[in-house]
Every structure is written in C-alpha cells, then in structure tokens.
Amino acid sequence: MSTTTTAVTPSVTTMEVFMNKTKADDDNVSEQVRLEDQHETVLYAMGGKALYAPVDLAKPGLRILDSACANGRWIKDLQAISPAKHEYVGTDVVESLYPNPAPEGTRFLDQSIKEPFPPEWNETFDVVHQRLVMAAAGPERTPDFVVKNLEGLLKEGGWLQMVEVATVPLPQNPTSQNQYLDMLDTLYANLYTGTAYKRSNLWSDLGKEMEAAGLKNVQKKEVIVSYGAAVADPYIRERSLRTAVAGVPNFLSVLRKMPGDVWKSEWDDLASRLYDDLKEKGGYTTYIVTWGQK
Ligand SMILES: C[S@@+](CC[C@H](N)C(=O)[O-])C[C@H]1O[C@@H](n2cnc3c(N)ncnc32)[C@H](O)[C@@H]1O
C-alpha cells in the first residue's frame, strides 16, 4: 500500500476520505453491501426495533426523517414494520446511494449534517433519526451544532434518536480471545479522536447535547452487537462477519495517510485475522442509542 498519498488533515474528515475511496473504487457498490450487512447486524442486536424512542407508529401520517440515510435501508425497515402509512424523508450527501426509483411514500434529498436544514423544514418532523455519521461532522461542526440542527426539525412532542458506535473495547473481548476486534476498536479511536472532537469514547454523551438543545425525556441504551460465532442466527452471523471486515482495508488506507505516528504494524492483515477470529470465537462491540423528545 502506498504511503505517499495526500495526508489526512483536519479540514477533511476521515469519513470523507473513506467516502471518496469507496466512490472511486466501484461507485459504492461494495460499500452498499457493507452498509446493508451492518444494518442487519445492528438491527438484529436491537431486537428488530429500528426505533427505541416511544413513537406511536400506528398513528398515520407521521413525518419521519433519516439524516445521513445512505441507501435508505433504515427507512425501508421502519416502513415495513409500521402499521400505518407515514411520510419518509432521507437525506445524505451521496446521491448515488439513494434507492432509485424512491419507494412509495419516500423521498431522498441532498443535505449535509454540517449545514442548516431548509427553514421550511423547521418543526415539521415527528421523528428524526441519525445513525453512524457523527464522524463526518468535525472539525467544522461540533456535536452541539449537529444535535441542535436536528432538534430544530422536530415538532413539539417529536423524537430525535441518534445511534453511534463506541470505541472502547468490551470486557467480553478479552485480548487473548478477541485481540483483533480490540485492535479494530483502537483503530477507530485513532481514526476519530484528535481529528474530530478529541474524545476518548466517541459521542457516548450525545444525551448531554440533546438536553442542552432543550430535549426532555432523554435516554441512552448501550446495545451489545455480536459478530461471527457470537451470533445465533446463521443468516446474521454471515452478514456480521462480512460487515466487520469489509471496511477494514479502507479504514487502514485512511490511517496510513494520517500525519503523526499512528500506524501500528500489527494492523497489517487485520481484515483476514479479524475474520478468522470472529468466525471461530465471535466478538462484541457496543452501539449507543440515545433519544430525546421536544
Ligand atoms: C456509516 S454510513 C451510515 C449510513 C446509515 N445512516 C446507516 O446507519 O446505515 C455514513 C453515511 O453518512 C453520509 N455522510 C457523510 N458525510 C455526511 C454529511 N456531511 N452530511 C450528511 N451525510 C453524510 C455518508 O454518505 C453515508 O451514507
């Protein structure tokens, strides 16, 4: 792998470098598969509940936004379990990821989490959801901007739910058994701390930002997501293995370009070692779900 490419600087987030690479590689075809696998693995761990916020989906006509929706898979699953018809909007910055044509009842539009939403959207949504995108916000935008931006979209009584991954290795992953998953956690921590918010555990306190933005009934749940041998369901087991390793080469190539002495030689071959380890022994990581009401 080359080490002479452009260094990652704080003006370009690691996620943007990652996104440019997946676009250049194959116009996001493999990235779509990784995102689908990730979605299914996480949703399984969440007991099939796309929303922890206590939203009454039986009440028809809700306006529901998925911010940074990628291919709209979260919307698709929520639509499938909703007993009533709702209006769904997905926003992202990569148009080629959107389902085309958009399924009935859905719309997909470009909108960065770093920019104010159109003023006419203010206070028009019953539900706003955003998952795995805070890494893209910095350094221009801090979590309080992103949370306040999303909060502004909610009607009175509406719910904001945000989901992010923690980067602290779990005690369930003792080094002797899951050293490669722990390495992946270390890798994520290196990717995002220092570049975005200098936090040791990424975005685990979005609840504080939600409260500061004026939301009430704020709650947080840590969800243990299982991989490989730790997953009972064979369909999800396979997908969890694929998603755990699929992004690793891209993350590694971003890390190799980072300034400073962050590269660890033990990350060479991480993807294949991680795959074998998880397949044989399984492993766990933590997702943090936070929700609050306007
Ligand atoms: C890790 S993926 C998560 C996708 C989806 N939320 C999910 O959980 O399956 C990150 C997504 O954030 C999008 N993204 C990156 N930077 C963004 C920005 N500034 N504003 C909005 N979306 C962004 C990417 O295009 C990608 O779809």
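This write-up is about the structure you can find in this document. Since we're looking at a predicted model, the values are computed, not measured.

Turning our attention to the site of the ligand. Neighbouring the ligand are 17 residues; Ala68, Asp92, Ser112, Ile113 and Arg131 lie closest to it. Between Ser112 and the ligand, the recorded distance is 3.0 Å, taken from a side-chain N or O atom to a nitrogen atom. Here the ligand has 590 Å² of accessible area as a free molecule, and 93% of this is covered by the chains. Looking at the shell around the ligand, its residues break down into 12 nonpolar, two polar and three charged.

Okay, the pairing of strand E1 (residues 63-67) next. Counting buried residues in E1 gives five out of five residues, a clear majority hidden from the surface. Where burial is concerned, the two faces of E1 agree: the one with Arg63, Leu65 and Ser67 and the one with Ile64 and Asp66 are both buried. In this structure, E1 lies alongside strand E2 (residues 87-92), joined through five bridges in parallel fashion. From the neighbouring strand, Ser67 faces E2, where its bridge partner is Thr91. Handedness of the β-α-β unit built from E1, helix H3 (residues 73-81) and E2 comes out right-handed. By the bridge criterion, four bridges tie E1 to strand E4 (residues 125-131) in an arrangement that is parallel. Across the sheet, the residue bridging to Leu65 is Val128, located in E4.

Reading across from one edge, E3-E2-E1-E4-E5-E7-E6 is the order of the seven strands in this open sheet, with mixed pairing throughout. One side of each edge strand has no neighbouring strand; the edge strands of this open sheet are strand E3 (106-110) and strand E6 (216-227). On average, adjacent strands in this sheet sit at an angle of 15° to one another, irrespective of strand direction. Of the pairings in the sheet, the one linking E6 to strand E7 (residues 283-293) comprises 10 bridges and is antiparallel in character. Bridging from a neighbouring strand, Gln219 pairs with Trp291 of E7. Against the sheet, H3 makes contact with E1, E2, E3 and E4, and its axis sits at roughly 165° relative to E2, the strand it touches most.

Conventions used here
- Residues numbered from 1 in each chain as written.
- Predicted model: local features only at pLDDT ≥ 70, side-chain atom pairs only at ≥ 80, totals over all residues.
- Heavy atoms only, no water.
- Near = heavy atom within 4 Å.
- Polar contact = N/O pair within 3.5 Å; in protein donor to acceptor, adjacent residues only side chain to side chain.
- Areas by Shrake-Rupley, 256 points an atom, 1.4 Å probe, with all protein chains shown as cover.
- Nonpolar A, V, L, I, M, F, W, Y, C, P; charged D, E, K, R; others polar.
- Buried < 20%, exposed > 50% of the residue type's maximum accessible area, 1.4 Å probe, protein only.
- Helix = DSSP H or I, 4+ residues; strand = E, 2+ residues; numbered from the N terminus.
- Pairing = 2+ DSSP bridges.
- Right-handed = clockwise from strand over helix to strand, strands pointing away.
- Axes fitted to C-alpha atoms, helices over the stretch in contact; angles between N-to-C directions.
- Contact = heavy atoms within 4.5 Å.

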